Amino acid sequence: MVSLDSYYCDQGHLTPDDRATVNYDHPASLDGDLMVQHLNQLRAGSEAAIPVYDFATHTRTSDIRIVDPADVIVVEGILLFAFPAVLAELDLRVFRRCPEDVRFERRIYRDCRERGRTPESVWDQLQTTVKPMHDSFVEPHAADADVVTEHGQDLDEITASLTAHLLRATAAA
């Protein structure tokens, strides 16, 4: 599995106060070129050294995560489809649609629990950057997906359908 979240640009050159003003919900906050490079390495049968990002400090750590090549690599991230070069590397594009209230609730829970944020700071970010960026760079790309799933759909059925699709694709290759 490769997560787009690993590819946030290191903000260590900025002061902590300046880091807090970066729009992390815009595709420019991510290094799509490095992700494409790593996907190409995996596709070619080589391992990839994936960066490890620290969301509390908005910096990349000195650690890396080695991902070995495999028959199936799952690539995930809400802004994936905003990178045409990344899309070109994907054999199956799945878009998961989720209602705004559920997305917001999950974000508040995660950011407060895992990233040391306050509910008020998360709510402010939701209104100022998360929702506008979702409306501009996430939702419009549902049209680029091979499969669109909806929140509330049975996950076992989705998994079975996607597995069957992948088996058909690998058998045809």
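Student: Whenever I open this one, the overall build of the chain confuses me. Can you help?
Tutor: Looking only at helices and strands, the chain features six helices and six strands. Each helix and strand of the chain, ordered N terminal to C terminal, gives the series β-α-α-β-β-β-α-β-α-α-β-α. If you line up the chain on its principal axes, its C-alpha atoms span 50 × 35 × 25 Å. The buried share among the 173 residues of the chain stands at 34%. In the chain, of all internal contacts separated by at least 6 residues, the share reaching a separation of at least 24 is 66%. Surface exposure of the chain reaches about 10,200 Å², of which carbon and sulfur atoms provide 53%. Distance between charge centres in the chain, computed from 16 positive and 30 negative side chains, equals 2 Å.

Student: For this particular structure, what's the right way to read helix H2 (residues 32–43)?
Tutor: Side chains that are three or four residues apart share a direction in an α-helix, a result of its 3.6 residues per turn. With twelve residues, H2 extends 16 Å between its outermost C-alpha atoms, agreeing within 8% with the 16 Å of an ideal straight helix rising 1.5 Å per residue. In this fold, the buried residues of H2 make contact with strand E1 (2–3), strand E2 (48–54), strand E3 (59–67), strand E4 (75–76) and helix H3 (84–87). Following H2 by one or two positions, glycine 45 adopts a phi angle in the positive range, close to 95 degrees.

Student: Which parts of the structure should I look at to understand the pattern of salt bridges?
Tutor: Note that side chains of opposite charge can pair when their charged atoms are close. Counted by the stated rule, this structure contains ten salt bridges. When the shortest N-O distance is used, the salt bridge between glutamate 139 and arginine 97 registers 2.7 Å. Residue glutamate 139 is found in the loop between helix H5 (119–138) and strand E6 (147–150), and its partner arginine 97 is found in strand E5 (residues 94–97); the two are separated by 42 residues along the sequence. A residue is classified by how much of its surface remains accessible, and glutamate 139, at 27% relative accessible area, is partly exposed. What you see here is one network of salt bridges that share partners, running through Asp25, Arg107, Arg110, Asp111 and Arg117.

Definitions and limits used
- Residues numbered from 1 in each chain as written.
- Predicted model: local features only at pLDDT ≥ 70, side-chain atom pairs only at ≥ 80, totals over all residues.
- Heavy atoms only, no water.
- Helix = DSSP H or I, 4+ residues; strand = E, 2+ residues; numbered from the N terminus.
- Buried < 20%, exposed > 50% of the residue type's maximum accessible area, 1.4 Å probe, protein only.
- Contact = heavy atoms within 4.5 Å.
- Areas by Shrake-Rupley, 256 points an atom, 1.4 Å probe, with all protein chains shown as cover.
- Lys, Arg positive; Asp, Glu negative; His and termini not counted.
- Charge placed at Lys NZ, Arg CZ, Asp CG, Glu CD.
- Expected span 1.5 Å × (residues − 1).
- Salt bridge = Lys/Arg side-chain N within 4 Å of Asp/Glu carboxyl O.

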